[in-house]
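Summary of the model geometry
For reference, the chains in residue letters:
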Amino acid sequence: MIISPSSLDTNLSQLLDEVNSGKTQLPEFQRDWTWDDNRIRGIIASLSQGYPMGAIMRLQYGNPDIKFKYRTIKGVGLRDLAPDFLVLDGQQRLTSIYQATYSKNPVATKTDKGKEIERYYYLSMEKCMDENEDRFDAVLPVPSDRKIKENFDRDVKMDLSDQQKEYEHKMFPVNIAFDSNALMKWQFGYMMYYTGQADALKLLEDFQSEVINTIVSYKLPVITLDKTTPREAVCKVFENVNTGGVPLTVFELVTATYATQEFDLRKDWQDCKKQIRGINDTLRTDLLDGIDETTFLTTVALYTSYIDKQSGKVGTVSCKKKDVLNLSYESYVANRDQVLTGYRIARDFLLKYQYVFRQRDLPYTTQLIPLAAICAFLGKSKCNEANTISVLSKWYWCGILGEMYGGANETRYANDIEDVVDEVFGRPNPARTVNSAFFASTRLLTLQTRLSAAYKGIMALLYKEKCRDFMNDTTIDIVNSMLESPDIHHIFPEAYCVKQGIKRQRYNSIVNKTPILPATNRSIGGNAPSEYTKTILKKVSGLTESELKERIESHCVDYDALVRDDFDSYFVDRAKKLLGLIEKAMGKPVSDRDAEITIEQFGASLM
């Protein structure tokens with residue numbers, strides 16, 4: 001949708017009047033006012049010289065389909081009326097100017113070191129008229145008692161606690177600039193105080209002409225988005241103009257919308273987060289700790305869209321940003337608990353059947369969105385059926401090993417819930433993720449770190465095969481993953497490979513890595529396999545070589561090639577076995593095992 005904002009230079013005095021009356025307020029999602037004393041002094045200096053300070057952007061309020069909770073600008077106090085406008089950009093400037101130049105209360109700000117202070121602001125008339133003075137230095141912050149003190153607050157350096165003293169020091173209180181009655185009285189009092197003193201009166205005349213008139217007549221460009229602007233456009237505009245501030249998330253906008261129903265989405269998310277993470281579970285892992293509030297909302301939007309399509313309310317399934325922003329409060333409340341159940345089922349599915357135990361081992365957080373939505377729809381009983389586990393597992397591993405969830409995936413999520421649910425119930429479907437997933441044999445060589453989803457996935461497949469630690473025979477399950485945290489290490493040690501001149505692309509690839517416990521890794525050191533296997537046999541009382549062979553071969557390693565230090569034979573054999581695990585998980589063959597490029601890079605066919 002194309003939007004057409006209007007732009008108009010607007011008197012600052014009018015804007016401040018609207019702020020004070022409550023006609024201009026802030027949407028709830030706006031961050032708090034944060035400017036410190038020096039930044040306030042800087043904007044007063046700019047204002048007094050007529051320097052431009054950027055546009056104000058605001059949204060016309062009143063669209064019944066887009067309701068945001070709102071609040072007054074800091075310092076205004078409560079106003080019992082709906083606003084005409086909500087400020088999207090320029091809050092910090094507008095709040096600072098309002099508090100310093102319009103409000104009669106001291107400004108509650110802070111020093112550049114973060115200490116909280118209260119200040120009134122004055123302009124030194126003499127410094128303002130001195131061309132050699134920086135205007136910033138002419139802006140004087142004064143404590144709330146209007147006395148500047150020194151010597152640990154024992155001595156008063158300047159007292160501005162009444163108008164006579166302000167006249168004496170020729171200090172103009174900035175917060176009367178837009179109060180015409182107060183300004184007139186102050187000027188009259190000044191002239192009476194300096195009756196007959198031409199220089200002082202000339203100073204007032206010049207100050208009025210060059211400074212006060214500049215402030216009072218100041219105009220700001222104001223860009224207004226009309227009330228027909230859609231919610232997703234508001235979000236995008238705010239992101240674009242607020243690059244220096246706290247980014248606006250979908251969650252913040254939805255929070256502001258639900259707040260009009262007197263519903264605190266932030267508080268509700270804290271409760272949901274505890275359930276998703278299993279905070280009170282007997283056996284707790286950090287597996288789902290990466291699920292944030294926007295991810296959860298996206299899952300609710302996906303689930304809602306799917307059931308709405310099933311009931312004929314909508315024609316397509318979608319969970320793009322606009323769909324999340326348009327997720328109604330009623331739909332959220334109706335579907336939230338079922339989605340939470342979906343996350344609990346998804347968590348059990350990963351722990352029990354896929355051997356993914358910890359957050360750092362989770363290939364994709366994004367894939368949990370369709371997984372949880374699918375589980376929410378199917379329910380616990382259906383998800384525990386053998387056929388469902390098989391369908392979910394094939395889809396899950398095709399997504400990981402095909403590396404399908406690395407970018408913008410909202411369309412894929414929608415495809416997934418339709419295709420997977422249909423597959424579970426035996427209905428025809430295009431199986432889009434499963435059919436488009438592809439794993440190339442040569443990808444094994446480029447999987448070098450756990451940053452890749454496929455890398456983490458292959459390690460989980462080794463766990464599923466019940467690989468056993470070389471020394472203590474531990475298999476990695478949910479309990480052992482927490483009691484003794486395994487890590488991924490080289491089978492042919494890196495130091496050994498470097499000495500032998502083996503290429504890094506080969507020795508540092510996933511083909512030469514496996515999960516083992518710290519004690520085993522220390523025994524391996526940088527030694528040749530023929531040496532470290534002997535070390536392990538000596539260290540572990542009663543361990544026979546045949547038992548050690550079984551343990552090492554549970555990692556898809558050719559033991560005989562390993563103890564011969566025959567890297568090339570071991571390497572090709574393990575690549576073949578890893579491809580076998582991948583084929584089993586994806587339910588489809590790896591088609592390039594004997595392709596020309598595979599033979600070239602591995603030195604042999606992987607058939």
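Each value, and the rule that gives it
- Residues numbered from 1 in each chain as written.
- Predicted model: local features only at pLDDT ≥ 70, side-chain atom pairs only at ≥ 80, totals over all residues.
- Heavy atoms only, no water.
- Helix = DSSP H or I, 4+ residues; strand = E, 2+ residues; numbered from the N terminus.
- Rg over C-alpha atoms; globule rule 2.2 N^0.38 Å.
- Buried < 20%, exposed > 50% of the residue type's maximum accessible area, 1.4 Å probe, protein only.
- Areas by Shrake-Rupley, 256 points an atom, 1.4 Å probe, with all protein chains shown as cover.
- Pairing = 2+ DSSP bridges.
- Contact = heavy atoms within 4.5 Å.
- Axes fitted to C-alpha atoms, helices over the stretch in contact; angles between N-to-C directions.
- Parallel < 35°, antiparallel > 145°, perpendicular 65-115°, else oblique.
- Nonpolar A, V, L, I, M, F, W, Y, C, P; charged D, E, K, R; others polar.
- Core = buried A, V, L, I, M, F, W, Y, C linked by side-chain atoms within 4.5 Å.
- Polar contact = N/O pair within 3.5 Å; in protein donor to acceptor, adjacent residues only side chain to side chain.
- Patch = residues over 30% accessible without salt bridge, like charges linked within 9 Å, V, L, I, M, F, W, Y side chains within 5 Å.
- Salt bridge = Lys/Arg side-chain N within 4 Å of Asp/Glu carboxyl O.
- Disulfide = S-S within 2.5 Å.
- Expected span 1.5 Å × (residues − 1).
- Phe/Tyr/Trp six-rings, centres within 6.5 Å; stacked < 30°, edge-to-face > 60°.
- Lys NZ or Arg CZ within 6 Å of the ring centre and 35° of its normal.

Along the protein chain, the regular secondary structure elements total 29 helices and 14 strands. Taking 607 residues into account, the globule formula puts the C-alpha radius of gyration at 25 Å, and the protein chain, at 34 Å, lies well above it. Considered along the principal axes of its C-alpha atoms, the protein chain spans approximately 110 × 60 × 50 Å. Expressed as a percentage of its 607 residues, the buried residues of the protein chain come to 52%. Accessible surface computed for the protein chain: about 27,500 Å², of which carbon and sulfur atoms make up 48%.

What follows deals with the sheet that holds strand β12 (residues 219-225). In any sheet, the strands associate via hydrogen bonds between backbone groups, in a parallel or an antiparallel arrangement. With mixed pairing, the six strands of this open sheet are ordered in space as β1-β12-β3-β5-β2-β4. Two strands in the sheet have a free side with no partner beyond their single neighbour: β1 (6-11) and β4 (70-71). Here six bridges tie β1 to β12, and the two strands are oriented antiparallel to one another. Within β12, the residue paired with Asp9 across the bridge is Pro221. Sheet strands touched by helix α3 (residues 91-101): β2 (24-27), β3 (56-60) and β5 (85-89). Its angle to β5, the strand with the most contacts, is close to 115°.

Look at helix α12 (residues 293-310) against helix α14 (residues 329-354): their axes get within 9 Å of each other, and the N-to-C directions meet at 105°. When the axes of α12 and α14 are compared, the pair comes out roughly perpendicular. Contact residues: Thr295, Phe296, Leu297, Thr299, Val300, Tyr303, Thr304 and Ile307 in α12; Ser331, Tyr332, Asn335, Arg336, Gln338, Val339, Leu340 and Tyr343 in α14. Residues of the contact of α12 with α14, tallied by class, amount to nine nonpolar, six polar and one charged.

Two elements, β3 and β12, share four bridges in a ladder whose sense is parallel. Considered in β12, the bridge of Ile56 is made with Val222.

Let us look at the nonpolar core. What tends to happen in soluble globular proteins is that the nonpolar side chains get buried as a cluster. Grouped together as the largest cluster of nonpolar side chains are 136 residues, with contacts concentrated most on Phe296, Tyr332, Tyr343, Leu401, Leu444 and Ile582. Examining the composition of this core, we find that 11 residues originate from one element, helix α28 (residues 567-586), more than from any other. Non-local contacts of Ile582, meaning those with residues more than four positions away in its chain, are made with Leu401, Phe439, Leu444, Ile458, Leu461 and Val590. Core analysis: the second largest hydrophobic core is formed by 49 residues, Trp35, Tyr98, Val107 and Tyr167 among them.

Mapped onto the fold, Ser393 is located in helix α16 (residues 386-401). A relative accessible area of 13% places Ser393 in the buried class. Spatially, the C-alpha atom of Ser393 lies 94 Å from that of Gly196, the residues being 197 residues apart in sequence. Not counting chain neighbours up to four residues away, the residues in contact with Ser393 comprise Phe349, Gln354 and Ala585. A distance of 2.7 Å separates polar atoms of two side chains, one belonging to Ser393 and the other to Gln354. Of note is the side chain of Ser393, whose polar atom sits 2.6 Å from the backbone oxygen of Ile389.

Okay, the side chain of Ser48 next. Counting through the fold element by element, Ser48 comes out in helix α2 (residues 37-49). Dropping the residues within four chain positions of it, Ser48 is found in contact with Leu123, Arg135, Glu210, Val211, Thr214 and Ile215.

So, on to a nonpolar patch on the surface. The grouping of Phe188, Met191 and Met192 at the surface amounts to a nonpolar patch, some 330 Å² of accessible area in total. In this structure, Met192 sits in helix α7 (residues 180-193). Overall, the relative accessible area of 51% leaves Met192 in the exposed class.

Two cysteines joined by a covalent bond between their sulfur atoms form a disulfide. Counted by the stated rule, this structure contains zero disulfides. Cys398 takes part in no disulfide bond, and the closest cysteine sulfur to it belongs to Cys375, at a distance of 17 Å. Exposure remark for Cys398: the relative accessible area of 0% places this residue in the buried category. This cysteine, Cys497, is not joined by any disulfide, and Cys556 carries the nearest cysteine sulfur, 19 Å off. A residue is classified by how much of its surface remains accessible, and Cys497, at 0% relative accessible area, is buried.

Attention shifts here to α12. In an α-helix, one turn spans 3.6 residues, which is why side chains three or four residues apart end up on the same side. In a regular helix each residue adds 1.5 Å, so 18 residues correspond to 26 Å; α12 covers 26 Å between its end C-alpha atoms and thus fits that length. Burial of α12 is extensive: 13 of the 18 residues sit out of reach of the surface. Looking at where α12 begins, the residue whose side-chain oxygen comes 3.3 Å from the main-chain nitrogen of Thr294 is Asp292. Gly312, located one to two residues past α12, shows a positive phi value of around 85°.

This next bit is on the environment of Asp112. Mapped onto the secondary structure, Asp112 falls in the loop between β6 (107-110) and β7 (116-124). Since its relative accessible area comes to 58%, Asp112 is described here as exposed. Sequence separation between Asp112 and Pro141 is 29 residues, and the spatial gap between their C-alpha atoms is 13 Å. Once residues lying within four places of it in the same chain are set aside, the contact partners of Asp112 are Asp36 and Asn38.

Our next topic: the packing of aromatic side chains. Scanning all chains against the criterion turns up 32 aromatic pairs. Ring plane angle 50° and centroid distance 4.8 Å describe the contact between Tyr190 and Tyr194, whose orientation is recorded as tilted. Across this residue pair, the class does not change: Tyr190 and Tyr194 are buried. Among the aromatic residues, ring-to-ring pairing joins Tyr167, Phe172, Trp186, Tyr190, Tyr193, Tyr194 and Phe207 into one connected group. The ring centre of Phe85 lies 3.6 Å from the NZ or CZ of Arg58, which sits over that ring. Across the ring face of Tyr120, the terminal group of Arg146 is positioned such that the distance to the ring centre comes to 3.6 Å.

Function cannot be read off these values alone, since they describe shape.
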